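Read off the chains here:
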Amino acid sequence: MAYTKRFDGRGFEEIRKMSAEVGIISRAKGSARFQIGDTIAIAAVHGPRELHPRFLRKPDKGVLRCDYDMVSFSVSERKRPGSSRRSMEISHVTGKSIEPVLDLSKYPNTVIDVFITIPQANAGTRCAGICAASLALADAGIPMKDLVVAISVGKAGDKVVMDLTKEEEDHAEGATDIPVAMTPRNGEYTLLQLDGDISKDELKEALVLAKKGCDEIYTLMQKTLRDSFKEKK
Ligand code: CDP
């Protein structure tokens, strides 16, 4: 199917409108909100603190524990509260995508908890969650080699597109979703998933788009942190 005009009128390489802020939850050590289109992610960081039960402790390094959850009213069809296979998978890949920028050997026997909540979802929630988590960790003052930035790219109809919406995922024929996370400074991928079909050349094209998207988000995230540090001074 020729996909000539996007459902929301955006250009094929255009990202949805974004906004970000940090320090939104006073009781958390660090926190952030990241919004992309109608998708909103909130992240709160607690710790490093002693890990209980003791047998989970690692004497040589801290444990990063990510918990992703979508609230019941975040999607059009009420989501059943509590954990699911999907939320466990997303929590796991979120942790894996963030761990490379942390030096956990500094925090033996402790845990750093990152709680990610999605109050409103319209596709790309794991990527928004990773951006929010990364901002919240920086806000918590945890040393990081770089920020981890994430965007979903993919295919809708016959086009390689940036930042798919739920409508595109559901209604564009042969939609393919590719969540990507990277550390922009060294250009390394920390997450690459693929749901759907895509040719090798289209995948290459999609990854070029992901880099472009991540650079845009990186600029916003850096500005958000810089502005908040200025305010704290
Ligand atoms: O959100 P993300 O793209 O990272 O993950 P997904 O599992 O591919 O879900 C895609 C989208 O489906 C979500 O962003 C929600 O908008 C929607 N969804 C839903 O409507 N109900 C659910 N129980 C789960 C997801």
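Right, let's walk through the structure included here.

What counts as what
- Residues numbered from 1 in each chain as written.
- Predicted model: local features only at pLDDT ≥ 70, side-chain atom pairs only at ≥ 80, totals over all residues.
- Heavy atoms only, no water.
- Disulfide = S-S within 2.5 Å.
- Phe/Tyr/Trp six-rings, centres within 6.5 Å; stacked < 30°, edge-to-face > 60°.
- Buried < 20%, exposed > 50% of the residue type's maximum accessible area, 1.4 Å probe, protein only.
- Salt bridge = Lys/Arg side-chain N within 4 Å of Asp/Glu carboxyl O.
- Helix = DSSP H or I, 4+ residues; strand = E, 2+ residues; numbered from the N terminus.
- Near = heavy atom within 4 Å.
- Polar contact = N/O pair within 3.5 Å; in protein donor to acceptor, adjacent residues only side chain to side chain.
- Areas by Shrake-Rupley, 256 points an atom, 1.4 Å probe, with all protein chains shown as cover.
- Pairing = 2+ DSSP bridges.
- Axes fitted to C-alpha atoms, helices over the stretch in contact; angles between N-to-C directions.
- Contact = heavy atoms within 4.5 Å.

**Observations regarding the state of the cysteines**
- Applying the stated criterion across every chain yields a total of zero disulfides.
- Free cysteine C66: the closest other cysteine sulfur is in C131, separated by 13 Å.
- C214 takes part in no disulfide bond, and the closest cysteine sulfur, belonging to C131, lies 7.2 Å away.

**Notes on the packing of aromatic side chains**
- Per the stated rule, a full pass over the model turns up two aromatic pairs.
- Relative to F7, the ring of Y3 has its centre 5.4 Å away and its plane inclined at 65°; by these criteria the two rings are edge-to-face.
- With centroids separated by 6.0 Å and ring planes inclined at 65°, the aromatic side chains of Y3 and F12 adopt a geometry described as edge-to-face.
- Judged by relative accessible area, F12 falls into the partly exposed class, the value being 22%.
- Three or more aromatic residues link up through ring pairs in this structure, and these residues are Y3, F7 and F12.

**Description of the pattern of salt bridges**
- Under the definition given, this model contains 19 salt bridges.
- One salt bridge connects K232 with D139, and the closest N-O pair in it is separated by 3.2 Å. Of this pair, K232 sits in helix α4 (residues 200-232) while D139 sits in helix α2 (residues 125-139), and the two are 93 residues apart along the sequence.
- The class for D139 is buried, based on a relative accessible area of 10%.
- A salt bridge links D227 to K230; its shortest N-O distance comes to 3.8 Å. Of this pair, D227 and K230 both sit in helix α4, three residues apart, roughly one helical turn.
- Taking the relative accessible area as the measure of exposure, K230 reaches 57% and is therefore exposed.
- Within the structure, one salt-bridge network assembled from shared partners comprises D8, R10, R16 and D163.

**Observations concerning the site of the ligand**
- Around the ligand lies a shell formed by M70, V75, R86, A121, N122, A123, G124, T125, R126, K166, E169 and D177.
- Residue R86 places a side-chain N or O atom 2.7 Å away from an oxygen atom belonging to the ligand.
- T125 is positioned with one of its side-chain polar atoms (N or O) 2.5 Å from an oxygen atom of the ligand.
- Considered on its own, the ligand offers 500 Å² of accessible surface; in the complex 78% of this is hidden by protein.

**Comments concerning the sheet that holds strand β7 (residues 159-162)**
- Reading across the sheet, the four strands line up as β7-β6-β8-β9 and stay open at both edges, with antiparallel pairing between neighbours. Both outer strands of the open sheet, β7 and β9 (188-192), are each paired with one neighbouring strand and no more. If you compare each strand with its neighbour and ignore which way they point, the axes differ by 30° on average.
- Sheet analysis places strand β6 (residues 149-156) next to β7, joined by four bridges and oriented antiparallel. Considered in β7, the bridge of V153 is made with M162.
- In this fold α2 packs onto β6, β8 (176-183) and β9, with an angle of close to 165° to the strand it touches most, β6.

**Brief notes about the side chain of S97**
- On the secondary structure map, S97 appears in helix α1 (residues 85-98).
- Residue S97 is classed as buried on the basis of its relative accessible area, which comes to 0%.
- A polar contact of 2.8 Å, which involves the side chain of S97, links it to the backbone oxygen of T94.
- Dropping the residues within four chain positions of it, S97 is found in contact with I130, V148, A181, T190 and L191.

**Brief notes about the environment of Y3**
- Residue position: Y3 is located in the segment before β1 (18-22).
- Between the alpha carbons of Y3 and A132 there is a distance of 31 Å; along the sequence they are 129 residues apart.
- When sequence neighbours within four positions are dropped, the list of residues in contact with Y3 reads F12, A156, G157, D158, K159 and E168.
- Among the polar contacts made by the side chain of Y3, one reaches the main-chain amide nitrogen of F7 at a distance of 3.0 Å.

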